[in-house]
Structures are given as C-alpha cells and as structure tokens.
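An overview of the molecular structure
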Amino acid sequence: MAGGPIGEREREILTAIVETFIASGDPVGSRTLARSNREGLSPATIRNVMADLSDSGFLEQPHTSSGRVPTPEAYRYYVEQLTGKASLSNQDETIIQDSLHGISDVEEFMERTSRVLSLLSKNVGVAVAMSGPKNALEHVYFSRLGDQKVLAVVISRSGLVRDRVLRLDLPQADLDAAARFINDNFRGWTMDAMRAELARRLEQERSEYDRLMGSVEQLYRQGALSSPDSGQVVFVEGASNLVAGEEDRQRLQELLKTLEEKQKIVELLGAYLDTKQEAVRVVIGLDEALPSMRNFVLIGAPARVGGDVMGSLAVIGPTRMDYQNTITAVSYIARLFDQVLNEPE
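Let us look at the structure shown here. (Residues numbered from 1 in each chain as written. Predicted model: local features only at pLDDT ≥ 70, side-chain atom pairs only at ≥ 80, totals over all residues. Heavy atoms only, no water.)

Looking now at the overall build of the protein. When helices and strands are counted, the protein shows 13 helices and 10 strands. Counting only residues that meet the buried cut, the protein has 46% of its 345 residues in that class. Within the protein, residue pairs in contact and separated by at least 24 positions form 61% of the contacts whose partners lie at least 6 positions apart. Summed over its atoms, the accessible surface of the protein is roughly 17600 Å², and 45% of this surface lies on carbon and sulfur atoms. (Helix = DSSP H or I, 4+ residues; strand = E, 2+ residues; numbered from the N terminus. Buried < 20%, exposed > 50% of the residue type's maximum accessible area, 1.4 Å probe, protein only. Contact = heavy atoms within 4.5 Å. Areas by Shrake-Rupley, 256 points an atom, 1.4 Å probe, with all protein chains shown as cover.)

Across the 10 residues that make up strand 9 (residues 296–305), a large majority, 10, are buried. Relative to strand 9, strand 8 (residues 281–284) runs antiparallel, the two being bridged by four bridges. Residue pairing across strands places R281 opposite G300, the latter belonging to strand 9. Across 10 bridges, the pairing between strand 9 and strand 10 (residues 308–318) is antiparallel. Following the sheet pairing, F296 is matched in strand 10 by P318. Linkage of strand 9 to strand 10, two consecutive antiparallel strands, is achieved through a turn of two residues, within which G306 is found at a positive phi near 65 degrees. (Pairing = 2+ DSSP bridges.)

With that settled, consider the sheet that holds strand 4 (residues 137–146). Reading across from one edge, 4-5-6 is the order of the three strands in this open sheet, with antiparallel pairing throughout. Pairing within the sheet leaves two strands with one partner each, and these edge strands are strand 4 and strand 6 (161–166). Sheet twist, expressed as the mean angle between neighbouring strand axes with direction ignored, is 15 degrees. Of the strand pairs in this sheet, strand 4 and strand 5 (residues 149–156) are connected by eight bridges, and their pairing is antiparallel. Paired with R144 across the two strands is V150, which belongs to strand 5. (Axes fitted to C-alpha atoms, helices over the stretch in contact; angles between N-to-C directions.)

Below, the discussion takes up the environment of N241. With respect to the helices and strands, N241 occurs in helix 10 (residues 241–245). N241 sits in the partly exposed class, given a relative accessible area of 31%. In this structure, the C-alpha to C-alpha distance between N241 and G317, residues 76 residues apart in sequence, is 8.9 Å. When residues no more than four places from it in sequence are discounted, the contact partners of N241 are S118, K122 and N123.

The next thing to look at is unusual backbone geometry. Within the chain, K122 stands out as a residue other than glycine whose phi angle is a positive 60 degrees. Relative to the helices and strands, K122 is located in the loop between helix 6 (106–121) and strand 3 (124–130). Even without being glycine, Q148 reaches a positive phi, approximately 65 degrees. As for its position among the elements, Q148 is in the loop between strand 4 and strand 5. Q148 sits in the partly exposed class, given a relative accessible area of 36%.

Another aspect to go through is the side chain of T319. With respect to the element layout, T319 can be found in the loop between strand 10 and helix 13 (323–341). T319 sits in the buried class, given a relative accessible area of 17%. Excluding anything up to four places from it in sequence, T319 contacts Y75, I284, N295 and V297.

Counting 59 residues, the largest nonpolar core has I13, L14, I96, Y323 and F337 as the members making the most contacts within it. Per element, the largest residue contribution to this core is 11 residues, and it comes from helix 13. Leaving out residues up to four positions away in the same chain, I13 has contacts with L33, L41, I46, V49, M50 and L53. Core analysis: the next-biggest nonpolar cluster, separate from the first, contains 26 residues, A152, V154, M213 and V216 among them. (Core = buried A, V, L, I, M, F, W, Y, C linked by side-chain atoms within 4.5 Å.)

Let us look at the sheet that holds strand 10. In space, the five strands of this open sheet follow the order 7-3-10-9-8, with antiparallel pairing throughout. A strand with exactly one partner marks an edge of an open sheet, and here the two such strands are strand 7 (232–237) and strand 8. Strand-to-strand twist of the sheet, defined as the mean angle between neighbouring strand axes without regard to direction, takes the value 20 degrees.

Turning our eyes to something else, we now look at the environment of H63. Following the sequence through the fold, H63 ends up in the loop between strand 1 (59–60) and strand 2 (69–70). Using a relative accessible area of 54% as the deciding quantity, one classes H63 as exposed. A sequence separation of 36 residues divides H63 from P27, and the C-alpha atoms of the two residues are 9.4 Å apart.

Let us look at the packing of aromatic side chains. What the rule picks out here adds up to six aromatic pairs. Their ring planes at 70 degrees and their centres at 6.3 Å tell us that Y78 and Y323 sit as a pair that is edge-to-face. Of the two residues, Y78 is situated in helix 4 (residues 72–82) and Y323 in helix 13; the sequence distance between them amounts to 245 residues. Across this residue pair, the class does not change: Y78 and Y323 are buried. Ring geometry for F181 and F186: centres 6.2 Å apart, planes at 75 degrees, overall edge-to-face. Each member of the pair F181 and F186 is classed as buried. (Phe/Tyr/Trp six-rings, centres within 6.5 Å; stacked < 30°, edge-to-face > 60°.)

What follows is the structure, given as structure tokens:
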C-alpha cells in the first residue's frame, strides 16, 4: 500500500468513502461522512483522517472546494477487505439460476453468462468459450445463391448453427459432392482437427479426387469451415452500459472499439486471468494490456469442467462499480459452470 498499513479508524473512513462514492458518484465530504458515522466523529476529525489518507495516496480531490474521491489504490485496498466476506443475494442467485437453467453446451452457457453478468453488474459482461467435444461437427451444407455467392452452413453437435456467405462460383452438384465428402469423413471431429486433416489431404490426395478436392479446397480457402478467434468464441454484452457513465467521448469511442474487436478481448482476459487461479481475480487499471483502459476494472475467473479450463468469464467496467455484488456473481457462475457441465449425460 502507498502509505503503509493504516489504522482501524482510517480503514473505516476509507471504506465509507469508497462505498459512498460508488453509490452516489459524487465526491465525498467530511460532513456527509459525519452524518452517517456510527462513532459520532466530528467533521474536523474526519477531515484530518481524510487528509492523512490523501497523503498516503488513497484519496484525491478533483477540485479545491469539493470532497474527495478514491484512487485506484483505495479501490485495491477496499477489495482486499472484501475477500471471503461478501455473499450473493437470494434475488441475484435466482436470476442466475433462471438464466442458466437447462444448459448443457459450453457456448450457450457462456453466451447467457455474458448477458446475466451485464444485467447484474450494470457493466460489460464478457465470456470466452473454447471449442470442445460438444462443439464437434455434425453436418455441413452448401447452397449456391447466385453468381459468385455460396451459403455455407455448419452445424455442431451441440446444435449451434453458423452460416456465412462466400464469394465462390461453384455449381450446386459440386457443392453437394463437397458436403457429402466432409460429412462422411469428418462427422464428430472438432473443427480444429478437421481443418488440419483437410489441409493434409488437400496436399496428398489432390490427384485422386481432382474435381472434388478442388471444390473442397475452394470452400476451405474461403473460410467455409473456419470458426472465430482460433477456436475461441467471444460473447460481449452491455457495452451500452458504459455510454451513460463515461463523459470522455474520445475514451468512450476507444473503449467501444476495443470491445468490438473480439481478439483484443481474448488477449485482455488472457493477460490478467491465470488458468491456474482458484478464486476470482480483481484487476484495477488495465493499461498494461490496453492503454485506453487505464481507469477500468476487470473482475474475472476461469471456467472449468473438472480440471479442464473451458473458457473464462468476467465483468469489465469503470473503477466506480459495485465490487461486492460483481465479485460474488462471477464466483457463483464459475462454480455453477463446473456443476452444470460436469454432470454425466
């Protein structure tokens, strides 16, 4: 900590300032604290403690006549005091249970997780799912839409359907033959394994299946069988929650642009979430990974099934957020992920 250990009175006042600022968004003055202080401390005593906390780097004063606001160091100290003490409310637990009930697929779980985390935290909910056996190939279908256009539909074993339009000029008969080849040879394969084997066969068996493999190669090169983010699927919900709270328009634009670039989200979570960690991690200040997110917080955890990491989930928001509520929600969903998806089928 910036100024070393602080005493009990300083800790209580600092906690009160952080919680008051989170609730109101307004700088906190000594008179405001005196009215709610259980020990009956005078405004003058509180002012002296606030001055000491400012000297130690826990508080700052936006304007000379205003109250104080917490610094990132204050938030870090505050979060340390919360460890193991917060619990999820019955209402939030019900919302999570209802949102995630009946799911047996990793990607669907993560998609709904991003929504419910955004709802509960009123910030940005983020979830990254890694491809697994339940997302192996079930069926592909190719359809000619017209000149230079082909619709490629890929269905996974979990029932997830992905489609994309490719710029190709192949007759329907060749598309049907390519789909039969892929379905007959690769049903049940993960997408990564299928693409690796297809690449190998395209090199070795071109002469045996000249026309067929030529069609398969064109579809493959155009990305008909690709999955986003190298086997990682990213879900982001609640970016609009930041619009109301962020007054710096340029910084808001940079942040929203970051959230739109899914690979940056993968890198952000990868930079701060360790797959070996057992508890929720709180990172205040994300500028080491992305300079535009200096005043933002990440609260996240890996999502495991047994001992296997299947993805990660997190909330991203400004430093002024409800830490207790968000930490408990992330922790609860991470445990629920293991419970639900580790059940025998």
